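# Overview (structure and organization)
Next come the chains, spelled out residue by residue.
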Amino acid sequence: MGLAVKTPKRISLDVHAALHAICSTGKGRCWHCDRRLPRAEKAIGTGWDVQRIEGERVASIILVCPRCQAKRAKPRLAAHALAAGI
Ligand SMILES: [Zn+2]
């Protein structure tokens, strides 16, 4: 849980609200793999995350599916292997 340090509890409430809001638009997709966002309750239950990216002028909200979160939490060995042509 070392990564949780930068995620205060207040943010997780915002995530739930944001997931509900995005689900209501029917346009939610994972930023990384383009996977479609399920219903809000299922998204929350399976660990979808909403992250904030600071842009040049405005902050964007992106969705990250549980699969991509798990991928990004691990060392990027696969990416390095690909870059090395292995
Ligand atoms: Zn994804």
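Reference entry: report on the structure contained in this document. (Residues numbered from 1 in each chain as written. Predicted model: local features only at pLDDT ≥ 70, side-chain atom pairs only at ≥ 80, totals over all residues. Heavy atoms only, no water.)

With that settled, the discussion passes to the nonpolar core. Counting 14 residues, the largest nonpolar core has Leu19, Leu37, Trp48, Val50 and Leu63 as its most contacted members. Those elements that place two or more of their residues in this core are helix H1 (9-25) and strand S2 (59-64). The leading source of residues in this core is H1, at four residues. Leu37 has contacts with Leu19, Ile22, Cys23, Gly28, Arg29, Ala43, Trp48 and Leu63, leaving out every residue within four places of it along the chain. (Core = buried A, V, L, I, M, F, W, Y, C linked by side-chain atoms within 4.5 Å. Buried < 20%, exposed > 50% of the residue type's maximum accessible area, 1.4 Å probe, protein only. Helix = DSSP H or I, 4+ residues; strand = E, 2+ residues; numbered from the N terminus. Contact = heavy atoms within 4.5 Å.)

Further remarks concern the pattern of salt bridges. If you walk through the whole model with that rule in mind, you get two salt bridges. The shortest N-O distance in the salt bridge between Glu41 and Arg39 comes to 3.4 Å. Arg39 sits in the exposed class, given a relative accessible area of 59%. A salt bridge links Arg52 to Glu54, with the shortest nitrogen-to-oxygen separation between them at 3.3 Å. Arg52 gets classed as exposed once you look at its relative accessible area, which sits at 58%. A relative accessible area of 58% means that Glu54 is categorised as exposed. (Salt bridge = Lys/Arg side-chain N within 4 Å of Asp/Glu carboxyl O.)

As far as function goes, none of this settles anything; it's purely spatial.
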